[in-house]
Amino acid sequence: MKFVEKYSLSNLNALKVNEKAEFYCELTKENELADILEFSKINNLPIILIGEGTNIVPINSIEGLVVKNSLKGIKVIDEDTTEVASGENWHDFVKWTLLNNKFGLENLALIPGTVGAGPIQNIGAYGSEISNSIKEVLVFNVNSNDYEILTNEQCEFGYRTSVFKERSELLILSVTFTTNSDATVNTAYQSLKNEISSQGLSDSSITPKKVFDLVVDVRKRVLPDHHVYPNVGSFFKNVFINKKDVDSLNLDAEIPTYDAGDSIKIPSAYLLEKLGWKGKRKGGVGMSAQHSLVLVSYEQVTGNEILSFANEVINDVNLKTNIKLEIEPTLL
Ligand SMILES: Cc1cc2nc3c(=O)[nH]c(=O)nc-3n(C[C@H](O)[C@H](O)[C@H](O)COP(=O)(O)OP(=O)(O)OC[C@H]3O[C@@H](n4cnc5c(N)ncnc54)[C@H](O)[C@@H]3O)c2cc1C
């Protein structure tokens, strides 16, 4: 096992921030965990397991052992159940499900990153969330030095959150999915409906593979490619406000709101667009001109420059609307 000191993370995070990890190594096989745990104990360094770095922002140099997850493997348990190693690429796995007539994940096509990071913030898009299809998650608990299996319920999934956000001692090794063998589709999400009608398609012609293609088309059109414009997708979460608190907001009538039970949902992208943040740049950081919720680094910037720009956005939105935006990616 090779542990590298003072390792630059610039190629391991999608914003290309050039901070260093105290130590770095790559996990390719489960039996390497023992060496990693021993090294972390001897050197008194916390383990930070990362996937493809598409949802992290290194703010300072990291006093820990950053471990890149390259665990691979897909195991079919039965017709509707599949266990996937956490280092597999998410989009490749979604493609694999369709090739193998296992349906239900197609709305989540083209979300960057690994399978194992999916449960962390309960990745979601186009009317679906990964939690809809997770049966259980196999983790290694670095505190108890033991394996655990968390059921879907024990993962405490919520909007862009789960129990894993609070429990960094749990390293996700594999995720077991329940998929459908009948080709039912979920096209309830408005922008999918719009795409179907703009392409002149009839509802009866929509198969899971077609949903996959539509999602890929829309995402390629609306989101800046993080390989060209370094970004981590949505930088802020959408806003959920309890209905009894809505009157305290200063909301422009043109901002759309959606009913979400006890709350209303306010799409943060509209808020930022309305307040003039779309395409606004300060130094090497800005909100994308293509999508107002995506923070982009245009040149080599530090984690602190990103954070200070994000705080400027948060303060401006708060001052003008009384809404406090929350940052979506993990700040390391
Ligand atoms: C262009 C773009 C579009 C995006 N669109 C969406 C979208 O539509 N919906 C959405 O929800 N997200 C979206 N994202 C965010 C991102 O793709 C997801 O959060 C993804 O799951 C991150 O995967 P990753 O492997 O890159 O995780 P990383 O960024 O490497 O890690 C994210 C966090 O999870 C932890 N972690 C990673 N793997 C493990 C593991 N195996 N065990 C324990 N902890 C772990 C890390 O320590 C870190 O805290 C987008 C990002 C980009 C760049």
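One structure accompanies this document, and this report is about it. (Residues numbered from 1 in each chain as written. Predicted model: local features only at pLDDT ≥ 70, side-chain atom pairs only at ≥ 80, totals over all residues. Heavy atoms only, no water.)

On to the packing of aromatic side chains, then. Scanning the entire structure with this criterion turns up twelve aromatic pairs. Between Phe3 and Phe39, the ring centres sit 3.9 Å apart and the planes meet at 5°, which makes this aromatic pair stacked. Separated by 36 residues along the polypeptide, Phe3 in the segment before strand 1 (4-8) and Phe39 in helix 1 (residues 33-42) bring together distant segments of the chain. Using a relative accessible area of 21% as the deciding quantity, one classes Phe3 as partly exposed. Under the relative-accessibility criterion, Phe39 is labelled buried at 17%. By the ring-pair criterion, three or more aromatic residues cluster together here, those being Trp90, Phe93, Trp96 and Phe177. (Phe/Tyr/Trp six-rings, centres within 6.5 Å; stacked < 30°, edge-to-face > 60°. Helix = DSSP H or I, 4+ residues; strand = E, 2+ residues; numbered from the N terminus. Buried < 20%, exposed > 50% of the residue type's maximum accessible area, 1.4 Å probe, protein only.)

Next up on the list: the site of the ligand. Of all residues adjacent to the ligand, which total 30 residues, the nearest are Leu49, Thr54, Asn55, Pro112 and Thr114. One nitrogen or oxygen atom from the main chain of Gly53 is found 2.9 Å from an oxygen atom belonging to the ligand. The contact in question runs from an oxygen atom of the ligand to an N or O atom on the backbone of Pro112, over 2.7 Å. Surface burial for the ligand is 93%, taken as the share of its 980 Å² of free accessible area covered by protein chains. Of the residues belonging to the shell around the ligand, the class tally is 13 nonpolar, 14 polar and three charged. (Near = heavy atom within 4 Å. Polar contact = N/O pair within 3.5 Å; in protein donor to acceptor, adjacent residues only side chain to side chain. Areas by Shrake-Rupley, 256 points an atom, 1.4 Å probe, with all protein chains shown as cover. Nonpolar A, V, L, I, M, F, W, Y, C, P; charged D, E, K, R; others polar.)

The three strands lie next to each other as 14-16-15, forming an open sheet whose pairing is antiparallel. With partners counted over all chains shown, the strands left at the sheet margins are strand 14 (239-242) and strand 15 (258-260), one partner each. Direction aside, neighbouring strands of the sheet carry axes that sit 35° apart on average. Two elements, strand 14 and strand 16 (residues 263-266), share four bridges in a ladder whose sense is antiparallel. In the strand pairing of strand 16, Ile241 is matched with Ile264. (Pairing = 2+ DSSP bridges. Axes fitted to C-alpha atoms, helices over the stretch in contact; angles between N-to-C directions.)

Scope: geometric values only; no functional claims are made or implied.
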